[in-house]
Amino acid sequence: MDSKTQDNDMQGNKTHNPDSTSSSRQISRPGQSPTQDTPSNPAPRVRFAPSPTGYFHVGSARTALFNWLYARRHQGTFILRIEDTDKERGKEEWTEGILSALDWLGLHYDEGPYHQSERTSLYNEALSKLWDAGFLYACNCTREEVLERTRNNQTPGYDGHCRDLGYSRSGHALRFKVPRSGLTAVTDVIRGNVDFPHQAMEDFVVAKSDGSPLFVLANVVDDIDMDITHVIRGEDLLPSTPKAILIWKALQGEDANLPVFAHLPMLVNEKRQKLSKRRDPVALESYRLKGYIPDAFCNYLALLGWSHPSGKEIMKIDEIISTFSLEDVNHSPAFFDVVKMTHINGEYIRSMSTADFIDVSSKWLEEAEAPWSRDRFDMSIYTRIAGLIQERVATLSEIIPMIDFFLLDMPIYDDNAVSVLDGNPEAIHLLETALERFSGCDWETDVLHEQTATIAAEYDLKLSKAQAPIRLAVTGKKVGPPLFESMSILGREKVLQRLQELLYRIKTN
RNA sequence: GCCCCCAUCGUCUAGCGGCCUAGGACACCACCCCUUCAAGGUGGCGACACGGGUUCAAAUCCCGUUGGGGGUGCCA
């Protein structure tokens, strides 16, 4: 595993000067007021550090976004670090998923991606340093043994059994000697000061018996090496923060330059549980597939835990950046509400120019699952109808049922709607009248409108009632884009053909 | 069990001691507009978890209770 040592330099494409950063970095001093994002502070360095153990989900997207926003707000550096120390669980494809997700969201990193799997020598150095300084001890207890021993204790967890047994370092798990008394204070921008009594902390493992480092160790070593100034992550990591601080101080001394911590409130499901890959629909990819716009997605995500001072909700990303502040992030968990996100997505879609909408949506449609075969997609028709569609959809996937009747020989008939008209004499007469009138009139939107209005008057119906069976015949559905515009684009031949088709269906059924 | 976090309309939030008979947004309901559906417009419904303090004054500060959540891996 040490064979990758060279890679540290190879991929360590750092552009900052460690000396200048570390010497002037006085940002966080536990005990003093949390953070001041004053202009006098040096440019912050933040990192998004996902582990590639599954598909990319919305919680990760939110964390990435807030890191990115903070970096952009303060002209800082946004670093991507892949935490792939767990060889068992990590997979190459998940790493690719992280990259493509960030790219889709538009959260481009300034540095990285670093891979922890290529930085093991760094962790080994740190481990040796800690071992030599007496901060660690070797432990050969199995999980079962620990459980057995601590079953009746008030505070389960490892009991320090091997602390003074003097096992040799190699071949054993390495544990950190947590002080028996005192406490570690975590200073958090969002939550203030949080104290963790040492008595409630177990001697945690920092390296597996095979020598590989664990998350909390690699995490701290990298944050130090990369001069991370602000650790912005989910609140679920708050309980591991005192461990990180203990390691930090063991490595750098009591006056270590700790980063500013900011633990974001969790994103939760309707049952108010932390979003889970297993039980909640949180794959970022699924939202791309459903036709959400990345900018709208980010806009919505930014609103989860943060809000613009004026209360405005629909904002360009630049405006979010210029007003974003960690101090303004609130404390409580937020429900990931697809309904509201969908509304925001609709706002974004409607605010596009029609040309942009055509561009974005047609590209999306190319990859979408649609009832028409790909070669049937007619850009000239789509261009003519797109403006009418744009005002009516909140997600791109809603376009499909709105335009399918343009691209298919025959529409997909809504059986329920058709059955309502079965044998209905008025509907039959009305459709026959329409068939007759539409055969002879000029083929223009206004004329079709007038003709239908005339028919409505003859049957003593409101236009909205009279157009219903015609709409069903032409589009197959009860709802859709404006009818007369649609007929005008579809052409006389297809419209007449479809009127006959529906007549046939309701007469014979 | 133990440790930690959180607590304003159903949801996201504004509020950082008086401007609050608590504001906005989504959702919902009604009406208007209208070629369906949307969009848009108008109006409506709807919350400070509870109990103690502190204060002339508390949604805002403190304590407790209750409720919810997170953590407690040789996962991250």
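Our subject is the structure that appears above.
So, a few notes on the structure that sits alongside this text. None of these values were measured; they are calculated from a predicted model.

### Some thoughts on the pairing of strand β10 (residues 260-264)
Part 1 of the reasoning: Within β10, five of the five residues are buried, which leaves the element mostly enclosed by the surrounding structure.
Part 2 of the reasoning: Neither face of β10 is open: one carries Val260, Ala262 and Leu264, the other Phe261 and His263, and all of them are buried.
Part 3 of the reasoning: Here strand β9 (residues 230-234) pairs with β10 via five bridges, running parallel. Note that in β10 the partner of Arg233 across the bridge is His263.
Part 4 of the reasoning: Where the polypeptide runs from β9 across helix α8 (residues 241-252) and back to β10, its parallel neighbour, the crossover connection is right-handed.

### Some words on the pattern of salt bridges
Part 1 of the reasoning: Per the stated rule, a full pass over the model turns up 25 salt bridges.
Part 2 of the reasoning: Asp203 is paired through a salt bridge with Arg163; the nearest N and O atoms lie 3.2 Å apart. Taken as a pair, Asp203 in the loop between β7 (192-197) and β8 (205-207) and Arg163 in the loop between α6 (143-150) and β5 (173-176) lie far apart in primary sequence, 40 residues in all.
Part 3 of the reasoning: Judged by relative accessible area, which is 5%, Asp203 ranks as buried.
Part 4 of the reasoning: In this structure Arg163 comes out as buried when scored by relative accessible area, which is 14%.
Part 5 of the reasoning: A salt bridge links Arg288 to Glu367, with the nearest nitrogen and oxygen atoms 4.0 Å apart. Here Arg288 is found in helix α9 (residues 284-289), whereas its partner Glu367 is found in helix α13 (residues 354-367), with 79 residues between them in sequence.
Part 6 of the reasoning: Owing to a relative accessible area of 62%, Glu367 belongs among the exposed residues under this scheme.
Part 7 of the reasoning: One salt-bridge network, in which partners are shared between bridges, spans Arg47, Arg81, Glu83, Arg119, Asp222, Asp223 and Asp225.

### A few points about the protein's contact with RNA strand B
Part 1 of the reasoning: Near RNA strand B you find 62 residues, and of these Thr85, Pro156, Lys208, Glu313 and Gly480 are the closest.
Part 2 of the reasoning: In the interface set of RNA strand B, defined as its atoms within 4 Å of the protein, sugar plus phosphate atoms amount to 73%.
Part 3 of the reasoning: One nitrogen or oxygen atom from the side chain of Thr85 is found 2.7 Å from a phosphate oxygen belonging to RNA strand B.
Part 4 of the reasoning: At a separation of 2.8 Å, a base oxygen of RNA strand B approaches a polar side-chain atom of Glu485.
Part 5 of the reasoning: Among the elements of the structure, β5, β7, β12 (334-335), α12 (338-351), α19 (463-475) and α20 (483-490) are those that each provide at least two residues to the surface near RNA strand B.

### Here's the deal with the pairing of strand β1 (residues 45-48)
Part 1 of the reasoning: Residues Arg45 and Arg47 point to one face of β1 and Val46 and Phe48 to the other, with burial holding for every one of them.
Part 2 of the reasoning: Here β1 runs beside strand β2 (residues 77-82); their pairing, made up of four bridges, is parallel. For Val46, the partnering residue across the bridge sits in β2 and is Phe78.
Part 3 of the reasoning: Note that the unit made of β1, helix α3 (residues 58-73) and β2 has a crossover that is right-handed.

### Section: the packing of helix α14 (residues 379-390) against α20
For any two helices packed against each other, one specifies the inter-axial angle together with the distance between the axes.
Part 1 of the reasoning: Contact pair α14 / α20: the axes reach a minimum separation of 11 Å and the direction vectors enclose 175°. By the angle between their directions, the pair α14 and α20 is classed as roughly antiparallel. Together, Ile381, Arg384, Ile385 and Leu388 of α14 and Glu485, Ser486, Ser488 and Ile489 of α20 make up the contact between the two elements.

### Quick notes on the layout of surface pockets
Part 1 of the reasoning: If you add up the space inside the largest pocket, you get close to 1,100 Å³.
Part 2 of the reasoning: In terms of lining residues, the largest pocket is bounded by 41 residues, among which Ala49, Pro50, Ser51, Asp236 and Leu237 are the most central.
Part 3 of the reasoning: Breaking the lining of the largest pocket down by element, the ones donating at least two residues are β1, α3, α7 (215-225) and β9.
Part 4 of the reasoning: Here the element with the most residues in the lining of the largest pocket is α3; it accounts for five residues.
Part 5 of the reasoning: Split into classes, the residues belonging to the lining of the largest pocket amount to 16 nonpolar, 14 polar and eleven charged.

Criteria and cut-off values
Residues numbered from 1 in each chain as written. Chains lettered and ligands numbered in written order. Predicted model: local features only at pLDDT ≥ 70, side-chain atom pairs only at ≥ 80, totals over all residues. Heavy atoms only, no water. Buried < 20%, exposed > 50% of the residue type's maximum accessible area, 1.4 Å probe, protein only. Helix = DSSP H or I, 4+ residues; strand = E, 2+ residues; numbered from the N terminus. Pairing = 2+ DSSP bridges. Right-handed = clockwise from strand over helix to strand, strands pointing away. Salt bridge = Lys/Arg side-chain N within 4 Å of Asp/Glu carboxyl O. Near = heavy atom within 4 Å. Polar contact = N/O pair within 3.5 Å; in protein donor to acceptor, adjacent residues only side chain to side chain. Axes fitted to C-alpha atoms, helices over the stretch in contact; angles between N-to-C directions. Parallel < 35°, antiparallel > 145°, perpendicular 65-115°, else oblique. Contact = heavy atoms within 4.5 Å. 1 Å grid on protein atoms, 1.4 Å probe; cavity = no way out; pocket = protein on both sides within 12 Å on 5 of 7 lines; lining within 4 Å. Points joined across faces, edges and corners; volume = space filled by probe spheres on them. Nonpolar A, V, L, I, M, F, W, Y, C, P; charged D, E, K, R; others polar.

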